[in-house]
Amino acid sequence: MTCGLAHKTVLLEEAVSFLPVGRGKLFVDGTLGGGGHAERILQRSHGRLIGVDKDEQAIEYARRCLLPYQDRVTFVRDDFKNIKAVLSSLSVTEIDGAILDLGVSAFQLDDKTRGFSYNQEAPLDMRMDRSAGLSAYEVVNGYEEEKLRQVIFTYGEERFGARIADAVVKNRPIQTTLRLAEVVKGAIPAAARRRGPHPAKRTFQAIRIEVNGELSQLDAALADFIDVLAPGGVLAVISFHSLEDRIVKLAFRTAEHPCTCPPDFPVCVCGKVPKGKILTRKPLVPSAQEIEENPRARSAKLRAFIKNENQNTEGK
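This one's a predicted model, so the numbers in the text were calculated from it and none came from an experiment. (Residues numbered from 1 in each chain as written. Predicted model: local features only at pLDDT ≥ 70, side-chain atom pairs only at ≥ 80, totals over all residues. Heavy atoms only, no water.)

**Q** Would you mind going over the pairing of strand E5 (residues 229-239) with me for this structure?
**A** Every regular strand shows the same layout, with side chains that alternate between the two sheet faces. Where burial is concerned, most of E5 is hidden: ten out of the eleven residues are buried. Judged from the six bridges that link them, strand E4 (residues 95-101) and E5 form a sheet pairing that is parallel. By the bridge assignment for E5, Leu100 is matched with Val237. With six bridges joining them, E5 and strand E7 (residues 301-307) adopt antiparallel strand pairing. The residue of E7 that forms the bridge with Val234 is Ile306. (Buried < 20%, exposed > 50% of the residue type's maximum accessible area, 1.4 Å probe, protein only. Helix = DSSP H or I, 4+ residues; strand = E, 2+ residues; numbered from the N terminus. Pairing = 2+ DSSP bridges.)

**Q** Sorry if this is basic, but what is going on with the sheet that holds E7 here?
**A** Across a sheet, paired strands are connected by hydrogen bonds in the backbone, their directions being either parallel or antiparallel. Ordered in space as E3-E2-E1-E4-E5-E7-E6, the seven strands form an open sheet in which the pairing is mixed. Two strands close off the open sheet at either side, each with one partner strand: strand E3 (73-77) and strand E6 (276-278). Averaged over all adjacent pairs, the angle separating strand axes in this sheet is 15°, with direction ignored. Two strands pair when backbone bridges link them, and strand E1 (residues 26-29) and strand E2 (residues 48-53) are joined in this way by four bridges, in the parallel orientation. In the strand pairing of E2, Asp29 is matched with Gly51. Helix H13 (residues 242-256) rests against E5, E6 and E7 of the sheet, and its axis sits at about 20° to E7. (Axes fitted to C-alpha atoms, helices over the stretch in contact; angles between N-to-C directions. Contact = heavy atoms within 4.5 Å.)

Structure follows, in structure tokens:
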């Protein structure tokens, strides 16, 4: 069994190439998913890996496909946003590199029972952690119309959010993914439906982000990952929509230029020093060949950050 064979891993070689696999001793895959990135790290290094995922099924799948490396892998069922607590529980103080592949994984999308896809009939669920309380059903059928509109507009960047929220409320209860997709499609003007991706894509994205709290504390989590990097350690992050990418870009920029002094100050007095530097001035995106082979990769963006070798760098 090979990880990522059934579920193509996005930007696999590009993401792993940023990590110091030649000299590093300990790496973290904070979004284990189908295990593709984890497998490649283990293939290219002699170090250990901590695989983190809040999806129990993902952990079990990765445990099987990473069996050849079982003596070098530690599996942790948790949210990557708790990375400092995860490492503390393992008596680990620093890591040499980490990968975060944000959003829903192909492993979850392809599971017809999980309710992530607008193309497959399933109960409304969308929970990455199936023990969590809030599901898509509660969001779709329980949120007040204005709150639902805000979710769709903010997290889906859907300009027809008000029309969609109104249609959803009028058609409650909505039990399944295909029914929700049908309601959403009917709320969008015909001319708009003929352009771009599936009419329900942005709404499903918004509800999924709300259910899993994907953007909540993401900036703090990225800062925590940078904090736990060893000198010369690298964090590589793959995002799939503009909201995620914006947070990653700002987090990396803040870590590289943390000084909050006014620009006209001759010297830094805030005492905030750079933690490292951005390795990707522009995000890396999939090649035309990768997109052709795996259309889900088309919106992916990869950014990487390296920790300073010397943390005594002075500000400004």
